[in-house]
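Next come the chains, spelled out residue by residue.
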Amino acid sequence: MKISNQELNLLKDKAQQALTKAYAPYSKFRVGAAILTDEGNIFTGCNIENSSYGLTICAERAAVASAIANEGGEIMKIRAVVIVTEPEKPCAPCGACRQVLSEFGLEAIVFFQGQDQEIKQLTVAELLPEAFELTIRHLHKP
Ligand code: THU
């Protein structure tokens, strides 16, 4: 489902605010994400780095965690995601975030700066074709 320019501007503002809270002493690359849910709420996240680098949490997954903590995992569905960075650089969501976003909104629209400096908008399904889904077949092998 499309979102209005007003909603998009609000999401950008909220993502920018979240970015200022980032903990990124190692990469110095601050990321903010804002999620619009089907309920019409906005939740944000920022990247949280760790001295054990692999434990770093991306802004998008932090925003998903906040949305679920507020709306509940069985209810929360994502309509749109906006990702912003400081410095302003191309930043498509990483593979792990694509998989996590897919669980809560395959048709959600993701806005991010692409390699060509333009703001791209792609659905999660477009960003992650053939997303992994656990089906009953995985649980009961023939
Ligand atoms: N990062 C995000 O927060 N989201 C992305 O989609 C890509 C990368 C963060 C992780 C790390 O703190 C920093 O950017 C550099 O990789």
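Everything discussed here concerns the structure shown above.
The model shown is predicted, which means the values in this text are computed figures rather than measured ones.

Trainee: Let's hear about the sheet that holds strand E1 (residues 30–37): which residues, and what values?
Mentor: Read from one edge of the open sheet, five strands run E2-E1-E3-E4-E5, paired in mixed fashion. Each of the sheet's edge strands pairs with one partner strand only, and the pair in question is strand E2 (42–46) and strand E5 (119–123). Neighbour to neighbour, the strand axes of the sheet diverge by 20 degrees on average, direction disregarded. Sheet topology places E1 next to strand E3 (residues 78–86); eight bridges connect them, and they run antiparallel. The partner of Gly32 across the bridge, within E3, is Val84. Running at roughly 140 degrees to E1, helix H1 (residues 5–19) makes contact with E1, E2, E3 and strand E4 (109–113) of the sheet.

Trainee: I'd like a rundown of H1, residues and numbers included.
Mentor: Along an α-helix, residues three or four positions apart point the same way, because every turn accommodates 3.6 residues. Taking 1.5 Å as the rise per residue, H1 with 15 residues should run 21 Å; its terminal C-alpha atoms sit 21 Å apart, in good agreement. Of all the positions in H1, only Leu8, Leu11, Ala15, Ala18 and Leu19 are classed as buried. Projected onto a plane normal to the axis of H1, the buried residues spread over an arc of 100 degrees and lie on a single side. Of the surrounding elements, those touching the buried residues of H1 are E1, E2, E3 and E4.

Trainee: Lay out the nonpolar core in plain terms, naming residues and giving numbers.
Mentor: Core analysis: the largest hydrophobic core is formed by 20 residues, its most contacted members being Val64, Ile78, Val81, Ile83 and Val110. If you list the elements that add at least two residues to this core, you get E1, helix H2 (59–71), E3, helix H3 (95–104), E4 and helix H4 (124–127). Here this core gets four residues from one element, more than from any other, and that element is H2. Not counting the four nearest positions on each side in its chain, Ile78 is found in contact with Ile35, Leu36, Asp38, Val64, Leu101, Phe104, Gly105 and Ala108.

Trainee: Run through the pattern of salt bridges, naming residues and quoting values.
Mentor: Two side chains with opposite charge may pair up if their charged atoms get near one another. For the coordinates displayed, the defined rule picks out one salt bridge. For the salt bridge of Glu7 with Arg79, the shortest nitrogen-to-oxygen distance reads 3.3 Å. You can see Glu7 sitting in helix H1 and its partner Arg79 sitting in strand E3, a full 72 residues away along the chain.

Trainee: So, the site of the ligand: which residues are in play, and what are the values?
Mentor: Within the structure, the ligand sits among 13 residues, and Asn47, Glu49, Cys58, Ala59 and Glu60 are positioned closest to it. Here Ala59 contributes a backbone N or O atom positioned 2.9 Å from an oxygen atom of the ligand. Burial of the ligand by the protein chains amounts to 79% of its free accessible area of 370 Å². When its residues are assigned to classes, the shell around the ligand shows eight nonpolar, three polar and two charged.

Trainee: Break down unusual backbone geometry for me, citing the residues and quoting the values.
Mentor: Backbone torsion omega between Glu86 and Pro87 reads 0 degrees, so that peptide bond is classified as cis. For Pro87, the position within the fold is in the loop between E3 and H3. A positive phi angle, near 60 degrees, is found at Lys28, a position not held by glycine. Following the sequence through the fold, Lys28 ends up in the loop between H1 and E1. You can call Lys28 exposed: its relative accessible area is 59%. A positive phi angle is found at Gln117, which is not glycine, with a value near 75 degrees. By the secondary structure assignment, Gln117 is in the loop between E4 and E5. The class of Gln117 is exposed, set by a relative accessible area of 54%.

Rules and cut-offs
Residues numbered from 1 in each chain as written. Predicted model: local features only at pLDDT ≥ 70, side-chain atom pairs only at ≥ 80, totals over all residues. Heavy atoms only, no water. Pairing = 2+ DSSP bridges. Helix = DSSP H or I, 4+ residues; strand = E, 2+ residues; numbered from the N terminus. Axes fitted to C-alpha atoms, helices over the stretch in contact; angles between N-to-C directions. Contact = heavy atoms within 4.5 Å. Expected span 1.5 Å × (residues − 1). Buried < 20%, exposed > 50% of the residue type's maximum accessible area, 1.4 Å probe, protein only. Arc of directions from axis to C-beta. Core = buried A, V, L, I, M, F, W, Y, C linked by side-chain atoms within 4.5 Å. Salt bridge = Lys/Arg side-chain N within 4 Å of Asp/Glu carboxyl O. Near = heavy atom within 4 Å. Polar contact = N/O pair within 3.5 Å; in protein donor to acceptor, adjacent residues only side chain to side chain. Areas by Shrake-Rupley, 256 points an atom, 1.4 Å probe, with all protein chains shown as cover. Nonpolar A, V, L, I, M, F, W, Y, C, P; charged D, E, K, R; others polar.

Read these as spatial facts, not as claims about activity.
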